[in-house]
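The lines below spell out each chain.
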Amino acid sequence: MSTAVLVLVAFLASAVEMVEALTIVLAVGVTRGWRSTMVGVAGATGALVVVVGALGPALVQVPISTLRVVVGGLLLVFGLQWLRKAVLRASGVLALHDEAGIYETEVREASEAARPTGALDAYAATLAFKGVFLEGLEVAFIVLTVGGAHGSVLTASAGALLALVVVGGVGVWLHRPLTRVPENSMKFVVGVMLTSFGVFWSTEGLGGHWPGGDASLLPVIAVVALFALGLVGALRGRGARSRIGGEVVP
Amino acid sequence: MTNVARFLRFWYDFVVGDDWTSAVGVAVVLIAGALVPRDATAWVVLVGTAIVVTLTVWRGAARRRAAR
């Protein structure tokens, strides 16, 4: 069961990051031309391969308990960041992530930037490189950490690869940003899962034990999800009370 | 800014992000989990994480309200 959860969390986290990278690449490609944009994408892909190639084998050398504490800690930090933003968005405190709005902003900025005089459009290549590298690095970290702590980077990679095929395929087919992807809900789920994996593995790495072993992962996910939903409800209630009281707060 | 500073800044932004309290909170939770008896580690990490997420969400909401 935990293998399915592992693939699911890798798929969802990768899909969310890839949707964001796709939005940037499409905006740059449409406004500045595809040649330089694809140079940036290829460069970022190459850089990511180097990072994963260096980190992947290094993870195997680390003792599993140490790896689980470090990985669990990193997953907790990542997961709590995702969860915090997801809770604030779901409760209306932060605006929802809007790919269409981001796409329009990227298109406007790319259109206004100076045009190149040489063969390579450095602006387009750099922007595409940064978008793909930064989002891809997050995918690589999640896949390596989640997969590494579980002892199966390949299984986690399968989830990421599936996300690449789905998001990339749909993006190429539609040729526009994927605005209908329930990105905010996916981020909430990923935040819950990364936090749960972090809690689970850091505990095991510290020498603690979960009753029922790996089977405890699902109840931990349920507890974290319910707690996060409780925070959303509390913030919404607080916002409603504030509005009734005349304040202009969430 | 030197290249080393830029490199460190990149990794700080990448790992810690825009809210350092999560990273500090996780460090405190892990240290506490390591110090208590093994039977209590799971509870300390789980409850500690719940406290950290509550604090960071509350802080994020308060900052947002203050900015409006």
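Everything quoted here is computed from the prediction, not taken from an experiment.

1. Some thoughts on the overall build of chain B
Point 1. Looking only at helices and strands, one finds three helices and zero strands in chain B.
Point 2. When the helices and strands of chain B are listed from N to C terminus, the series reads α-α-α.
Point 3. The globule rule puts the C-alpha radius of gyration for 68 residues at 11 Å, and the 16 Å found for chain B is more than 25% above it.

2. Quick notes on the overall build of chain A
Point 1. For chain A, the count of helices and strands is eight helices and zero strands.
Point 2. Secondary structure elements of chain A occur, N-terminal to C-terminal, as α-α-α-α-α-α-α-α.
Point 3. Across the 250 residues of chain A, 46% fall into the buried class.
Point 4. Across chain A, contacts joining residues at least 24 apart in sequence account for 86% of those joining residues at least 6 apart.

3. Description of the environment of A:Gly40
Residues and elements named next belong to chain A.
Point 1. Looking at the secondary structure, you find glycine 40 in helix 2 (residues 34–61).
Point 2. Residue glycine 40 is classed as buried on the basis of its C-beta count, with 28 C-beta atoms lying within 10 Å.
Point 3. Taking the C-alpha atoms as reference, glycine 40 lies 20 Å from valine 16; in sequence the two are 24 residues apart.
Point 4. Once residues within four sequence positions are removed from consideration, glycine 40 is found in contact with Ala124, Ala125, Thr126, Leu127, Ala128 and Phe129.

4. Things to note about the packing of helix 3 (residues 64–90) of chain A against helix 3 (residues 38–67) of chain B
Point 1. In the contact formed by helix 3 of chain A and helix 3 of chain B, the axes pass within 10 Å of each other and the chain directions differ by 45°. In terms of axis orientation, helix 3 of chain A runs oblique to helix 3 of chain B. Judged by the sense of rotation from one axis to the other, the crossing of helix 3 of chain A with helix 3 of chain B is right-handed. Contacts between helix 3 of chain A and helix 3 of chain B pair A:Leu76, A:Leu80, A:Leu83, A:Arg84, A:Val87 and A:Leu88 from the former with B:Thr49, B:Val52, B:Val53, B:Thr56, B:Val57, B:Gly60 and B:Ala61 from the latter.
Point 2. In terms of residue class, the contact of helix 3 of chain A with helix 3 of chain B is built from nine nonpolar, three polar and one charged.

5. Looking at the nonpolar core
Point 1. Grouped together as the largest cluster of nonpolar side chains are 87 residues, with contacts concentrated most on A:Val9, A:Ala10, A:Ala128, A:Val143 and A:Val146.
Point 2. With sequence-adjacent residues up to four places away left out, A:Val146 is seen in contact with A:Leu6, A:Val9, A:Ala10, A:Leu75, A:Ala156 and A:Phe197.

6. Side note on helix 1 (residues 3–15) of chain B
Residues and elements named next belong to chain B.
Point 1. Its 13 residues place the ends of helix 1 18 Å apart at the C-alpha level, agreeing with the 18 Å of an ideal helix rising 1.5 Å per residue.
Point 2. By the criterion of burial, helix 1 is predominantly exposed, with just zero of the 13 residues buried.
Point 3. Positive backbone phi, at 75°, marks glycine 17, one or two positions downstream of helix 1.

7. A word on the interface of chain A and chain B
Point 1. Contacts between the two partners involve 28 residues from chain A, matched on the other side by 27 residues from chain B.
Point 2. Those elements that place two or more of their residues in the side of chain A that touches chain B are helix 3, helix 7 (183–205) and helix 8 (217–244) of chain A.
Point 3. If you tally residues by element for the side of chain A that touches chain B, the top one is helix 3 of chain A, at ten residues.

8. Some points on the packing of helix 7 of chain A against helix 3 of chain B
Point 1. Here helix 7 of chain A crosses helix 3 of chain B at 150°, and the two axes come no closer than 9 Å. When the interaxial angle is binned, helix 7 of chain A and helix 3 of chain B end up roughly antiparallel. Crossing of helix 7 of chain A over helix 3 of chain B shows right-handed handedness. Contact residues: A:Thr195, A:Val199, A:Ser202 and A:Thr203 in helix 7 of chain A; B:Thr41, B:Ala42, B:Val45, B:Leu46 and B:Thr49 in helix 3 of chain B.

9. Regarding the confidence of the model for chain A
Point 1. Residue-level pLDDT values for chain A average 82, and 88% of them are 70 or greater.
Point 2. Low pLDDT, under 50, characterises residues 245–250 of chain A; the predicted model gives this stretch 13 contacts beyond four residues in sequence or across chains.

What counts and how
Residues numbered from 1 in each chain as written. Chains lettered and ligands numbered in written order. Predicted model: local features only at pLDDT ≥ 70, side-chain atom pairs only at ≥ 80, totals over all residues. Helix = DSSP H or I, 4+ residues; strand = E, 2+ residues; numbered from the N terminus. Rg over C-alpha atoms; globule rule 2.2 N^0.38 Å. Buried ≥ 20, exposed ≤ 12 C-beta atoms within 10 Å, placed from the backbone. Contact = placed C-beta atoms within 7 Å. Axes fitted to C-alpha atoms, helices over the stretch in contact; angles between N-to-C directions. Parallel < 35°, antiparallel > 145°, perpendicular 65-115°, else oblique. Left-handed = near helix turned anticlockwise from the far one by under 90°. Nonpolar A, V, L, I, M, F, W, Y, C, P; charged D, E, K, R; others polar. Core = buried A, V, L, I, M, F, W, Y, C linked by C-beta atoms within 7 Å. Expected span 1.5 Å × (residues − 1). pLDDT = per-residue confidence, 0-100.

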